[in-house]
Amino acid sequence: MERKIDFSKFFPLEKSPLVQCITNEITCESMANALLYIGAKPIMADDPREFSQLFEKTSALLLNLGHLSEQRQESLIDASSYATRVNKPTVVDLVGYGVSDIRNQIGVSLVETHPTVVKGNISELRHFCGLPSQGRGVDSSMWDQGEDHLNELIAALQKIGGLYPATTFLATGQKDIVVNQKQTIVLNNGVDELDRFTGTGDIVGAIIAALLGEGHDPFEAIVSAVSYFNICGEKAKQESFGLADFRQQTLNQLSLLMSETWYEQVEGWEK
Ligand SMILES: Nc1ncnc2c1ncn2[C@@H]1O[C@H](COP(=O)(O)OP(=O)(O)O)[C@@H](O)[C@H]1O
Ligand SMILES: Cc1ncsc1CCOP(=O)(O)O
Ligand SMILES: [Mg+2]
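Values in this document were obtained by computation on a predicted structure and should not be read as measured data.

What to know about the site of ligand 1
Working step 1: Taken together, 17 residues are adjacent to ligand 1, and Asn121, Thr172, Asp176, Asp192 and Asn230 come closest.
Working step 2: Separating an oxygen atom of ligand 1 from a side-chain N or O atom of threonine 200 is a distance of 3.3 Å.
Working step 3: Within the side chain of asparagine 230, a nitrogen or oxygen atom sits 2.7 Å from an oxygen atom of ligand 1.
Working step 4: For ligand 1, whose free accessible area comes to 540 Å², the fraction covered by protein is 94%.
Working step 5: At the level of elements, α7 (200–213) and α8 (218–238) are the ones that each hand at least two residues to the shell around ligand 1.
Working step 6: Taken together, the residues of the shell around ligand 1 sort by class into 5 nonpolar, 9 polar and 3 charged.

What follows is the structure, given as structure tokens:
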């Protein structure tokens, strides 16, 4: 990759950041363990009555739209406005954006607070940008991931990036797009199997939040988190048989890969 990022500084974590996650029940346990495996501390806490005290102790916030309810809506909105007031680094994951009007409204409300990072898979972010999208539920479609579609999404995100100068956007898939007002990178690690167990996007969001909690620049935090996770997947594929085993090996690599020179395998280019 042309851009000079010193990838060796991200893992292992130095500060063991405490990451508050308001997320879905489906992948909650995987997310908490993934944070522990990389050396961060998770707290899955969504009761607004705790926020004033909890926010004094946390390093970053992860807001995930995955499994909505009226109560979850209140937690997400309350936490995002709290985060704005106290300047807490925040990742918003637009899981399922496009599924329903209510999900879209909540997603837009969260983005309007100008969080540090807004992410989703490529189909979710195409919906968010008002582009045609073939996403199905919380999963993206390969139809949205051809070269022309990716370039169209990059252009749309660059335009939106101008309106949200404090936010960096990440669209994940076979290739991943990272865009903010100043720069754009396409990342090219990972394997197809990462789209075939649930929670991979959610875990990437949590790893990004942990790296923000360490104090890293958001653009670099995203590039490192995505590349690290995807290289874990590449390694897991070599050592596993079947998807359940692949999932286990990918999660296992989260604590192991950092002792190797994983960053020599990072593939990506600036646009
Ligand atoms: N076909 C693929 N090839 C390589 N990496 C992939 C592929 N699909 C997903 N990934 C990786 O898996 C992670 C989750 O992405 P994705 O599946 O798009 O998110 P989500 O789980 O939110 O739908 C990202 O790091 C992404 O780069
Ligand atoms: C299956 C499912 N349903 C609601 S949230 C969720 C998990 C989504 O995880 P990811 O965004 O990582 O694919
Ligand atoms: Mg997702």
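Focus on the nonpolar core
Working step 1: Phe11, Ile38, Ile208, Tyr228 and Leu254 are the most contacted members of the largest nonpolar core, which has 49 residues in total.
Working step 2: Tallying contributions element by element places α8 first for this core, with 11 residues.
Working step 3: Counting residues in hydrophobic clusters, the runner-up holds 34 residues, among them Phe51, Ile106, Ala156 and Ile160.

Details of the UniProt feature "binding site: ATP" (unreviewed entry) in the protein
Working step 1: Sequence positions flagged by UniProt for "binding site: ATP" (unreviewed entry) are, in local numbering, Lys119 and Thr172. The largest pairwise C-alpha distance within this set of annotated residues, which runs over 54 residues, is 7.7 Å, so the set is compact in three dimensions.
Working step 2: Examined against the element boundaries, lysine 119 turns out to sit in strand β5 (residues 117–121).
Working step 3: Not counting residues up to four positions away in its chain, the partners in contact with lysine 119 are Val91, Val92, Asp93, Leu94, Leu125, Leu170, Gly201, Asp202, Val204, Gly205 and Ile208.
Working step 4: With respect to the helices, strands and loops of the structure, threonine 172 is situated in strand β6 (residues 168–172).

Let's talk about the packing of aromatic side chains
Working step 1: Under the definition given, this model contains 11 aromatic pairs.
Working step 2: Relative to tryptophan 262, the ring of phenylalanine 7 has its centre 5.9 Å away and its plane inclined at 70°; by these criteria the two rings are edge-to-face. Here the residue phenylalanine 7 occupies a position in the segment before β1 (18–22), and tryptophan 262 occupies one in the loop between α9 (243–256) and β9 (268–270), the gap between them amounting to 255 residues.
Working step 3: Overall, the relative accessible area of 1% leaves tryptophan 262 in the buried class.
Working step 4: On the basis of an interplanar angle of 80° and a centroid distance of 6.3 Å, the ring pair of tyrosine 164 and phenylalanine 169 is categorised as edge-to-face. Per residue, the accessibility class of tyrosine 164 equals that of phenylalanine 169, and both read buried.
Working step 5: Each residue in the set Phe7, Phe11, Tyr228, Trp262 and Tyr263 is aromatic and connected to the rest through ring pairs, giving one cluster.

Thresholds applied
Residues numbered from 1 in each chain as written. Chains lettered and ligands numbered in written order. Predicted model: local features only at pLDDT ≥ 70, side-chain atom pairs only at ≥ 80, totals over all residues. Heavy atoms only, no water. Near = heavy atom within 4 Å. Polar contact = N/O pair within 3.5 Å; in protein donor to acceptor, adjacent residues only side chain to side chain. Areas by Shrake-Rupley, 256 points an atom, 1.4 Å probe, with all protein chains shown as cover. Helix = DSSP H or I, 4+ residues; strand = E, 2+ residues; numbered from the N terminus. Nonpolar A, V, L, I, M, F, W, Y, C, P; charged D, E, K, R; others polar. Core = buried A, V, L, I, M, F, W, Y, C linked by side-chain atoms within 4.5 Å. Buried < 20%, exposed > 50% of the residue type's maximum accessible area, 1.4 Å probe, protein only. UniProt positions renumbered as here; feature names shortened; annotations may be inferred. Contact = heavy atoms within 4.5 Å. Phe/Tyr/Trp six-rings, centres within 6.5 Å; stacked < 30°, edge-to-face > 60°.

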